[in-house]
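Fold and contact review
The chain contents come next:
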Amino acid sequence: MNISMERIGNRAFYCHFCITEVVSVRLMIGFRSVLDLKKGESAVVQRFSDTKLAASLMSLGIIPNASISVVRRSPLGGAVYLQLGMTYIAVRNSAAQSILVK
């Protein structure tokens, strides 16, 4: 984690890391993760919280404005089974956490 501080004026400081975290949290208000959906519940994909996973998720067909529903969860809690139209996809919980829906 790289935290850098800058001086503004004589005594005021701010943290780049803190400001970017606040901005990213504000952008996610009103969204919930796929992991927050119950079995059988549907939602519409809005965005991804992790840009590194976004490309791989979009290559699977999980794109913004796509309807997504939870079919079931793995017995040990490691993955979630999703339905996108006529396609069924299993994704890890870490990847599912980054899919934000509304």
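Residues numbered from 1 in each chain as written. Predicted model: local features only at pLDDT ≥ 70, side-chain atom pairs only at ≥ 80, totals over all residues. Heavy atoms only, no water.

What about the pairing of strand S6 (residues 79-84)?
Two faces belong to every sheet, and in a regular strand the side chains alternate between them. With burial as the criterion, only one face of S6 is covered, namely that bearing Val80, Leu82 and Leu84; the residues Ala79, Tyr81 and Gln83 on the opposite face remain uncovered. Bridge count between strand S5 (residues 67-73) and S6: four bridges; the pairing is antiparallel. Looking at the pairing, Ser69 lines up with Gln83 of S6. Here S5 hands over to S6 after five residues, with Gly77 in that stretch at a positive phi of 80 degrees. With six bridges joining them, S6 and strand S7 (residues 87-92) adopt antiparallel strand pairing. (Buried < 20%, exposed > 50% of the residue type's maximum accessible area, 1.4 Å probe, protein only. Helix = DSSP H or I, 4+ residues; strand = E, 2+ residues; numbered from the N terminus. Pairing = 2+ DSSP bridges.)

Some thoughts on the confidence of the model for the protein chain
As a general rule, the predicted coordinates of low-pLDDT regions are not to be interpreted in detail. Per-residue pLDDT for the protein chain has a mean of 80; in total, 73% of the residues score no lower than 70. Contacts for the low-pLDDT stretch residues 1-24, under 50 throughout, to residues beyond four places or in other chains number 18 contacts. (pLDDT = per-residue confidence, 0-100. Contact = heavy atoms within 4.5 Å.)

Points about unusual backbone geometry
The backbone phi angle of Asn65 is positive, close to 75 degrees, even though this residue is not glycine. Positionally, Asn65 belongs in the loop between helix H2 (51-59) and S5. Taking the relative accessible area as the measure of exposure, Asn65 reaches 63% and is therefore exposed.

Some thoughts on the side chain of Ser69
Position of Ser69 among the secondary structure elements: in strand S5. Assessed through its relative accessible area of 11%, Ser69 is described here as buried. Not counting chain neighbours up to four residues away, the residues in contact with Ser69 comprise Glu41, Ser42, Tyr81, Leu82 and Gln83.

Quick look at the side chain of Ser33
In this fold, Ser33 is placed in strand S3 (residues 32-33). Ser33 gets classed as buried once you look at its relative accessible area, which sits at 3%. Once residues within four sequence positions are removed from consideration, Ser33 is found in contact with Ala96, Gln97, Ile99, Leu100 and Val101.

Overview of the nonpolar core
One finds Val34, Ile62, Ile68, Leu82, Val91, Ile99 and Val101 to be the most contacted residues of the largest nonpolar core, which totals 20 residues. Looking at this core, the elements that each hand over two or more residues are strand S4 (42-48), H2, S5, S6, S7, helix H3 (93-97) and strand S8 (99-101). Beyond its immediate chain neighbours, meaning those up to four positions away, Val34 contacts Ile68, Val70, Arg73, Leu82, Ala96, Ile99 and Val101. (Core = buried A, V, L, I, M, F, W, Y, C linked by side-chain atoms within 4.5 Å.)

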